[in-house]
Amino acid sequence: MSPVRTDPPYGGVGRELRMVGRQLGYEQLSFWRNPIGAVFTVGFSVVFLVLLASSAGHSRNAAIGNLEVIQYYVPGFTAYGVMSACFNMLAISLVVRRETGLLKRLRLSPLPTSVMVAAIFLNAMVISLVQVVLLLAIGRLGYGAHLPSDPGPLVVALVVGALSFAALGVGVSTFIPNQEAAGPVISIVFFVLLFLSGLWYPLAKGSALARISAWFPMRHMITATFAPFDLRPGVSPWAWHDLGVMAIWGAAGAILAVRRFRWAPARG
Amino acid sequence: MAAVLVEGLSKRYGSTVALDDVGFEVAEGEVFALLGPNGAGKTTSVEILEGFLGRDRGRVQVLGLDPGERATLRRLRERMGVVLQELAVEPFLTVREVLARNAGYYPSPRDPDEIVAMVGLAEKAHARVKTLSGGQQRRLDLGLGIVGNPDLLFLDEPTTGFDPSARRDAWELVRDLTDGGVTVILTTHYMDEAEALADRVAVISRGRIVAQGTPDVLGGRDTAEARIRFRLPAGVDRASLPVSVEPGAGEVVDIRTDREVAVLRALTTWSEEEGVPLLGLTVERLTLEDVYLRLTGYQASDDGSVR
């Protein structure tokens, strides 16, 4: 028997990064081959944007200072796309993987947990990125939306949102007891909160819905993503308050995730 | 050196004792079967060896490493393979893709194409996992267990759901692996599987090892009483047989004895002299299943129902 190696293992970061890339490739293959996953996650954001933009895109709305609504729907559905990939899809797929034994199988292989987690997060982010590109292109080319001239605030909003919602997704997945409940429970909560948060129409500042939805992170994701698209003079593209609230939610999700994560179904 | 060494292993879940002072040793290249009813502690034992579960007390060494030691767990997992029941495989990847992906997790894996052929899935290599039949999925499980070229293989009910010929093929594959020096820890409900594959067997019941040994001597099977059975000849009542039998009403006489030669001589002599045939005469040792059922406390009542 060979002596136990005690040196720092496995040739360092380079090999781990290659493993992440490889694992991400298989995650992507799995995702795009699953018609339900691809349609529900990517298809929905595109279809919603096209439907709403075609019917009312050029009307003006008082809640956003009489801007054309397209200027709100493009960031709104971009935010939705990121949330649906990083929160909804990630949480549901984690529950399914846990309950069907996929997680346990990986846990029993030598694949490092850090590599697995990185690949799962990056997978959600790649799917988000595909939607962001599609939605911005549709908004710009199809409906003449004005994209922010400085991409910085938008990129920060999307990245903070993606990370926060991914952490929340992992946290929420630990509360779902079985695979059958995962889709319905997570999706219903997700869509109800989105409805309250003004995804379908801009909420007036100070309205009852705006006050209620301010307690939940979805509202802040939408407003933080909208800020760079808000063409009114003197409005900052940086929505620091919204970014902060999202980050707090993300941190709470991460704490829950670390404390409650299970690799296998609970023992009956 | 032992591939697996377990001493004084104990584990509780809350107030339930799952394992109580379990000990066994598995030599390199050996096939070791862990038998026991559901809930007896088989899965808990195996999960502790795999480093999936922690333990409360006891010493455990697997391939010279402590599976409870996080720092060396990856090294251990690079050298072990696991074939577990009811663990799904990504449904939208193909057989070949899943094997190639997992091969990449190990430092010196086997060729995925070779594995595809070994487990008899060559025709399904490019089929998506979700299109496989139950038996084909189990064969893929087996392939995933060995693609990392392990020194130690955990097989949990490896042939459940296999048709008889696929079972023989799987056994043959396990024998080929062990000829190559792979150590195997097998859990199974099939006694014929344990008998066909295992060099040694341990029976676990209510968290304790109640017997261990080679399949042919387990539970004193080699020295235990033999079982002689024949049909009671017409017109003969039990009391007039030349050997003492337990009273009973059935048509079949069932004698347990450790003096089977003497009993048989008495019976056959009587049969010859009286001209009474002994129809359906059989002599058998306890089967592994008999021993197992006795050790695990199973009692069948006269009408065959479980008490």
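Residues numbered from 1 in each chain as written. Chains lettered and ligands numbered in written order. Predicted model: local features only at pLDDT ≥ 70, side-chain atom pairs only at ≥ 80, totals over all residues.

Remarks on the overall build of chain A
- Helices and strands together make up the secondary structure of chain A, namely 10 helices and 2 strands.
- Taken against the 2.2 N^0.38 rule, which gives 18 Å for 268 residues, the C-alpha radius of gyration of chain A at 20 Å falls within 12% of a compact globule.
- For chain A, the spread of C-alpha atoms along the principal axes amounts to about 75 × 40 × 35 Å.
- When the 268 residues of chain A are sorted by exposure, 43% land in the buried category.
- Of the contacts made within chain A by residues no fewer than 6 positions apart, 78% connect residues no fewer than 24 positions apart. (Helix = DSSP H or I, 4+ residues; strand = E, 2+ residues; numbered from the N terminus. Rg over C-alpha atoms; globule rule 2.2 N^0.38 Å. Buried ≥ 20, exposed ≤ 12 C-beta atoms within 10 Å, placed from the backbone. Contact = placed C-beta atoms within 7 Å.)

Considering the overall build of chain B
- Scanning chain B from N- to C-terminus turns up 9 helices and 12 strands.
- Principal-axis analysis of the C-alpha atoms places the extent of chain B at approximately 75 × 45 × 35 Å.
- Of all 307 residues assigned to chain B, the portion counted as buried reaches 36%.
- If you take every contact in chain B between residues at least 6 apart in sequence, the share linking residues at least 24 apart comes to 66%.

Brief notes about the sheet that holds strand β1 (residues 2–13) of chain B
Residues and elements named next belong to chain B.
- What the 3 strands build is an open sheet, ordered β2-β1-β4; its pairing is antiparallel. Of all strands in the sheet, those bounded by a partner on one side alone are β2 (16–27) and β4 (57–62). Along the sheet, successive strands turn relative to each other by an average axial angle of 15°, direction set aside.
- Bridging between β1 and β2 involves 8 bridges; their strand directions are antiparallel. Pairing of R12 across the sheet is with V17, part of β2. (Pairing = 2+ DSSP bridges. Axes fitted to C-alpha atoms, helices over the stretch in contact; angles between N-to-C directions.)

Overview of the confidence of the model for chain B
Residues and elements named next belong to chain B.
- Scored by pLDDT, chain B has a mean of 88; 97% of the residues are at 70 or more.
- Looking over chain B, one finds the lowest element-wise mean pLDDT in helix α9 (residues 288–295), namely 81, and the highest in helix α3 (residues 95–103), namely 97.
- Confidence drops under pLDDT 50 across residues 301–307; counting only partners more than four residues distant or on other chains, this segment forms 3 contacts.
- With a pTM of 0.84, the predicted complex shows an ipTM of 0.88. (pLDDT = per-residue confidence, 0-100.)

With respect to the interface of chain A and chain B
- With 21 residues of chain A in contact, the opposing surface of chain B contributes 22 residues.
- Listing elements by their share of the side of chain A that touches chain B, those giving two or more residues are α1 (12–33) and α4 (102–107) of chain A.
- Among the elements that make up the side of chain A that touches chain B, the one with the highest residue count is α1 of chain A (5 residues).
- Of the residues that constitute the side of chain A that touches chain B, the class distribution is 10 nonpolar, 5 polar and 6 charged. (Nonpolar A, V, L, I, M, F, W, Y, C, P; charged D, E, K, R; others polar.)

Comments concerning helix α2 (residues 70–79) of chain B
- Within the sequence span of α2 of chain B, burial applies to L76, R77, E78 and R79 of chain B.
- Here the buried face of α2 of chain B lies against β4, β5 (80–83) and β6 (152–156) of chain B.

Looking at the packing of helix α3 (residues 70–100) of chain A against helix α5 (residues 113–143) of chain A
All names here are of chain A.
- Two elements in contact, α3 and α5, have axes whose closest approach is 9 Å; the angle formed by their N-to-C orientations is 160°. The angle between the axes of α3 and α5 places the two elements in the roughly antiparallel class. The handedness of the crossing between α3 and α5 comes out as right-handed. Facing I70, V74, F77, T78, G81, V82, A85, C86, M89 and L90 of α3, the residues of α5 in contact are I120, A124, I127, S128, Q131, V132, L135, L136, G139 and Y143.
- Its residues placed into classes, the contact of α3 with α5 shows 15 nonpolar, 5 polar and no charged. (Parallel < 35°, antiparallel > 145°, perpendicular 65-115°, else oblique. Left-handed = near helix turned anticlockwise from the far one by under 90°.)

Things to note about the nonpolar core
- Core analysis: the largest hydrophobic core is formed by 68 residues, its most contacted members being V82, M83, C86, L90, A124 and A166 of chain A.
- With 18 residues, α3 of chain A is the largest single contributor of residues to this core.
- Aside from chain neighbours lying at most four places away, what touches A166 of chain A is C86, L90, F121 and A124 of chain A.
- Listed in part, the 67 residues of the second largest apolar core include V182, V203, A211 and V291 of chain B. (Core = buried A, V, L, I, M, F, W, Y, C linked by C-beta atoms within 7 Å.)

Observations concerning the packing of helix α6 (residues 152–173) of chain A against helix α9 (residues 217–226) of chain A
Residue and element names in this part refer to chain A.
- One way to put it is that α6 packs onto α9 with a least axis distance of 9 Å and a crossing angle of 165°. It follows from the interaxial angle that α6 and α9 lie roughly antiparallel. When the axes of α6 and α9 are compared, the crossing they make is left-handed. Residues L154, A157, L158, G161, S164 and L168 of α6 lie in contact with α9, whose contacting residues are P217, M221, A224 and T225.
- Its residues placed into classes, the contact of α6 with α9 shows 7 nonpolar, 3 polar and no charged.

Details of the sheet that holds strand β10 (residues 226–231) of chain B
Residue and element names in this part refer to chain B.
- What the 3 strands build is an open sheet, ordered β11-β10-β12; its pairing is antiparallel. Two strands lie at the open edges of the sheet, namely β11 (252–257) and β12 (282–284), each paired on one side alone. Neighbouring strand axes in the sheet, compared pairwise and without regard to direction, differ in orientation by 15° on average.
- Looking at chain direction, β10 and β11 are connected through 6 bridges and run antiparallel. Note on β11: the bridge partner recorded for R231 is V252.

Points about the domain arrangement of chain B
- Split into domains, chain B comes out as domain 1 (2–93 + 147–219) and domain 2 (226–284).
- Computed from C-alpha atoms alone, the centre-to-centre distance between domain 1 of chain B and domain 2 of chain B is 43 Å. (Domains from an automatic or database assignment.)

Some points on α3 of chain B
- The element α3 of chain B is largely enclosed, with a buried count of 7 among its 9 residues.
- Among all positions in α3 of chain B, only V95, E97, V98, L99, A100, R101 and N102 of chain B are buried.
- In this structure, the buried side of α3 of chain B is in contact with α1 of chain A together with α4 (112–118) and α5 (134–146) of chain B.

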